Amino acid sequence: MKKFFYKSSMLALAAGMLLTSCDPEIDSANPSSGELNLENYVAVGNSLTAGYQDNGLYLEGQLNSYPAILAQQFAFAGGGEFKQPLFSDAQRNGSGYLRLTGFASPTSPTLTPVRENLAVVGMGQDGKTPLLAPYLEPINNLGIPGIRMADVSTPGYGFNNPMGFNPYYERILPDDVTPTGALLPYVNRVAASNPTFFTMWLGNNDVLGYATSGGIAPITPSNTFQSNLDAMVNALVGQNAAKGAIINIPDVTAVPFFTTKATAQIMQSAAAAKTKLYIIDKDNQMREAKATDYILLTSTVGTPETVGTNQIPHGFSPFNPLANSEVLDEAEVAAVKAATVDFNNKLAAAAQAKNLALVDMNTFFNSIKGGFAQNGVAYSPTFITGNLFSLDAVHLTPRGYAIVANEIIKNINSKYNASIPQVDVTQYRAVLLP
Amino acid sequence: MKSKLLALFGSALLSGTAMAGGYQVNLASQRQIGMGHTGTGIETGTSSIFFNPGAMSFIRQNGITIGASALSSKIAYKPSESNITTEADNGISTPFHVYGAYKVDDLLTVGLGVYTPFGSGVNWGTEWNGRFGLNEIDLKAIFFQPTVSYKVSDKLGLGVGFVVATGAVNLQRVLPVQNAQGAEGGIELDGGAKTGFGVNVGAFFQATEKFSIGIDYRSKIELEVEGGDVLFTNVPAAARGNFPEGTEFSAMLPLPATLSLGLGYKVNEQLTLAADVSHVGWSAYESLRFNFTQPVGGSNVSESARNYDDAFIYRIGAEYQLNDKLALRAGAYYDQTPVQDGYLTPETPDADSRGISGGIGYAFSDKFSVDASFLYINKKERTDTAEFSRGVSGTFKSVAYIPGLALNYNF
């Protein structure tokens with residue numbers, strides 16, 4: 001009887017296993033590029049496009065750049081090969097970057113620079129800009145960290161010279177000092193890339209440089225922005241009449257670089273210490289801080305400093321106010337917001353004029369200020385724990401870039417009747433903890 | 001910390017992937033699985049202990065039945081707007097049942113049933129995009145039911161069983177924290193349930209020679225875990241304060257009441273038809289709440305809404321006695337999902353399900369017979385945002401193939 005039971009149950013088991021090869025299936029529309037030709041996708045932009053994160057450009061960030069993610073998804077719908085100016089594995093830490101190695105206190109992370117395996121190959125003529133390993137092959141990702149719309153038509157922007165230059169552009173240009181070599185303006189390089197489809201996320205640095213310097217670096221003049229924007233769009237659309245997506249500029253106050261050292265909270269600490277928080281404003285006047293001023297992440301606010309004979313937290317005395325460069329004061333915030341609106345209007349008009357997709361990243365980042373949850377993970381623009389922003393508090397984590405890539409895909413799909421699949425963002429990392 | 005009772009059993013035997021609505025597992029008798037799992041309105045032999053204790057006093061011989069199913073379920077998942085499908089690898093689980101019934105005299109019959117009416121076993125792995133909600137669950141419940149049945153008249157039988165239930169739960173999730181090497185943390189909740197009590201009461205009425213009717217009520221039982229272990233893996237030092245070692249959890253899971261009404265009709269000596277309708281009191285499952293002895297992720301409580309609806313199951317089945325030895329069976333059922341829109345979860349990615357079944361019975365002698373069954377379950381494809389359950393949005397589709405075998409010995 002035992003034997004019979006064994007035999008029969010084995011038989012039943014075998015029958016069961018045979019049948020289980022009939023798996024459940026979920027029907028879905030096949031990926032399609034709709035009206036798009038994705039054979040030669042070219043991405044133009046700044047550090048965000050290059051895959052900059054943790055205050056540096058390095059191989060991991062490049063591999064997880066949003067254009068790389070887009071190209072990977074485009075490949076399901078006829079997308080072509082996508083080349084990036086990748087650092088070699090031996091030089092994988094690129095420009096160097098910051099790593100989180102501990103917490104001095106729960107609110108103050110210890111960020112340690114990575115100095116090994118860099119791609120730094122020398123010092124520039126200006127004596128301060130490190131040169132990076134050149135990459136002269138044709139590339140699809142033309143993201144240049146630091147570039148502003150104001151820079152795109154400047155000859156010599158990537159030329160190693162004593163007046164200063166952009167090392168990320170320098171590394172992808174040839175050395176011959178000619179208008180088509182080392183002196184080539186960015187817009188010309190873009191035109192030569194001959195895209196069949198493009199994304200452009202440019203203009204952030206035209207306001208961000210001003211904002212992260214506490215109002216010291218200039219905001220790009222409106223007319224310069226317009227003429228360079230027109231040149232860029234013409235270069236991209238070109239003779240192919242290429243289709244593309246223009247991505248606009250998020251609000252800086254949505255970024256943890258400006259929100260982590262929350263002014264209102266620090267003012268409360270000052271009040272608790274029976275004093276007030278003082279700053280130097282835009283016009284070099286000392287005044288009490290307001291909740292509408294933004295203290296930069298790089299500020300040393302609260303660090304004990306000697307004032308007269310006393311140790312007083314930095315900023316907590318009219319004799320030791322926060323420097324202009326530590327604060328984006330109320331008036332400067334207003335200037336940044338006005339310029340952002342102005343530039344975004346111009347980007348929108350350009351997209352409309354050429355019938356291109358407009359990805360409203362400004363609205364997207366505003367919509368997630370309060371945080372959101374996806375697949376059981378909480379996201380917010382909170383430094384370190386928010387999962388979206390990398391250790392420089394301005395650029396995104398790979399997870400953040402993947403979320404941005406999906407936002408772009410949504411817009412492309414709806415504009416061009418395409419059905420490009422979104423990426424599984426959970427396959428990309430957030431902040432790594434020690 | 002695990003229930004001692006449970007430790008007596010090989011744990012692999014107990015798990016049953018929930019392939020009925022919610023986490024109910026309706027595989028209580030091989031003969032009845034063959035007939036679409038009907039059985040409330042007919043005398044089903046020893047398994048009347050489960051289907052309707054009122055009918056147990058109508059059995060003609062003492063008997064022992066032992067049976068099990070090999071449940072293999074496949075669940076596919078695709079996130080919206082994606083082209084990647086994930087499939088849960090649930091392995092094979094083996095819900096089982098053992099019944100013994102003894103006729104004390106013509107009127108009184110006593111019996112004992114051991115069966116596994118609830119359970120869930122789903123393994124999504126640690127890579128899918130819903131892993132922060134769930135990567136693996138193993139829920140086991142086992143019921144022991146001593147039963148008495150009394151034949152009030154030639155036509156009416158009443159029966160009552162006292163249910164002693166226990167079980168265990170193991171739930172694993174990936175934590176959204178990554179160490180310096182990029183490895184993600186994990187949390188595992190593991191605990192044995194305290195003993196729960198309930199009843200299974202039934203009445204059976206043989207209205208005419210051909211026509212019978214039965215009603216059965218199985219009460220709700222709370223499966224309660226106290227002092228379950230919370231285990232963390234791979235948590236980076238910087239986040240360890242959020243996930244303290246030595247934490248214990250408690251939780252309560254309702255195993256809902258089921259009220260069934262069944263009809264039986266003997267067309268002739270060979271052919272028996274049966275139909276059942278069951279009402280399952282799933283609304284008892286309002287939320288899944290874990291209480292922790294220390295804050296986990298900053299909170300002593302993890303609660304997510306379930307808000308199940310009561311659901312109905314409709315069943316039909318037939319048995320054809322080809323000759324003295326061989327019986328052929330077939331059946332089908334429709335099982336409503338208790339899960340409302342917006343509440344789908346990866347531990348029970350439930351949808352209205354359709355089951356069809358077939359089976360054979362073969363009597364080797366007056367004393368010894370076997371029943372074999374095969375059940376195919378196909379759940380409707382379901383797309384859900386999971387916005388209220390903190391689940392995983394996307395499309396789920398499940399099928400299951402369930403062969404089973406039982407041995408009967410009459411004396």
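Please read all numbers here as calculations on a predicted model, not as lab measurements.

Conventions used here
- Residues numbered from 1 in each chain as written.
- Chains lettered and ligands numbered in written order.
- Predicted model: local features only at pLDDT ≥ 70, side-chain atom pairs only at ≥ 80, totals over all residues.
- Heavy atoms only, no water.
- Helix = DSSP H or I, 4+ residues; strand = E, 2+ residues; numbered from the N terminus.
- Buried < 20%, exposed > 50% of the residue type's maximum accessible area, 1.4 Å probe, protein only.
- Areas by Shrake-Rupley, 256 points an atom, 1.4 Å probe, with all protein chains shown as cover.
- Lys, Arg positive; Asp, Glu negative; His and termini not counted.
- Charge placed at Lys NZ, Arg CZ, Asp CG, Glu CD.
- Contact = heavy atoms within 4.5 Å.
- Buried area = accessible area lost by both parts, 1.4 Å probe.
- Salt bridge = Lys/Arg side-chain N within 4 Å of Asp/Glu carboxyl O.
- Polar contact = N/O pair within 3.5 Å; in protein donor to acceptor, adjacent residues only side chain to side chain.
- Pairing = 2+ DSSP bridges.

## Observations regarding the overall build of chain A
Here's step 1: Per the secondary structure count, chain A includes 13 helices and 18 strands.
Here's step 2: Taken over the C-alpha atoms alone, chain A extends approximately 95 × 65 × 40 Å along its principal axes.
Here's step 3: Looking at chain A residue by residue over its 434 residues, the buried ones come to 54%.
Here's step 4: If you sum the accessible surface of chain A, you get close to 18400 Å²; carbon and sulfur atoms cover 55% of it.
Here's step 5: Positive and negative side-chain charges of chain A, numbering 26 and 33 respectively, have mean locations separated by a distance of 7 Å.

## Details of the environment of glycine 56 of chain A
Residues and elements named next belong to chain A.
Here's step 1: Relative to the assigned elements, glycine 56 resides in the loop between helix 2 (47-50) and helix 3 (59-63).
Here's step 2: When its relative accessible area of 0% is taken as the criterion, glycine 56 is described as buried.
Here's step 3: For the pair glycine 56 and proline 218, spaced 162 residues apart in the sequence, the C-alpha separation amounts to 23 Å.
Here's step 4: The residues contacting glycine 56, other than those within four sequence positions of it, are Ser95, Gly96 and Tyr97.

## Things to note about the interface of chain B and chain A
By a widely used convention, the size of an interface equals the accessible area lost when the partners come together.
Here's step 1: If you look at the interface, chain B gives 44 residues, while chain A gives 37 residues.
Here's step 2: With both chains or domains summed, chain B and chain A bury close to 3200 Å², and 66% of this area falls on carbon and sulfur atoms.
Here's step 3: Contact with chain A buries area across many residues of chain B, yet Asn83, Gln178 and Tyr401 of chain B alone supply 18% of it, more than any other trio.
Here's step 4: Linking chain B with chain A are 0 salt bridges, by the criterion used here.
Here's step 5: In this assembly, chain B and chain A are joined by 8 residue pairs in polar contact (both at pLDDT 80 or more).
Here's step 6: Sheet topology note: the strand 18 (residues 432-433) of chain A/strand 8 (residues 156-179) of chain B ladder contains 2 bridges and is parallel.

## Focus on the pattern of salt bridges
Here's step 1: Evaluated as defined, the whole model comprises 27 salt bridges over all chains.
Here's step 2: The residue aspartate 251 of chain A makes a salt bridge to lysine 337 of chain A at a minimum N-O spacing of 3.6 Å. A residue pair is termed long-range when its members are at least 10 positions apart, and aspartate 251 of chain A in the loop between strand 8 (243-247) and helix 9 (256-259) and lysine 337 of chain A in helix 11 (residues 330-353) qualify at 86 residues.
Here's step 3: Note that glutamate 87 of chain B is salt-bridged to lysine 74 of chain B, the shortest N-O span being 3.9 Å. Linking glutamate 87 of chain B in strand 3 (residues 86-93) with lysine 74 of chain B in strand 2 (residues 71-78), this pair joins segments that are 13 residues apart in sequence.

The quantities given are spatial measurements derived from coordinates; they are silent on function.
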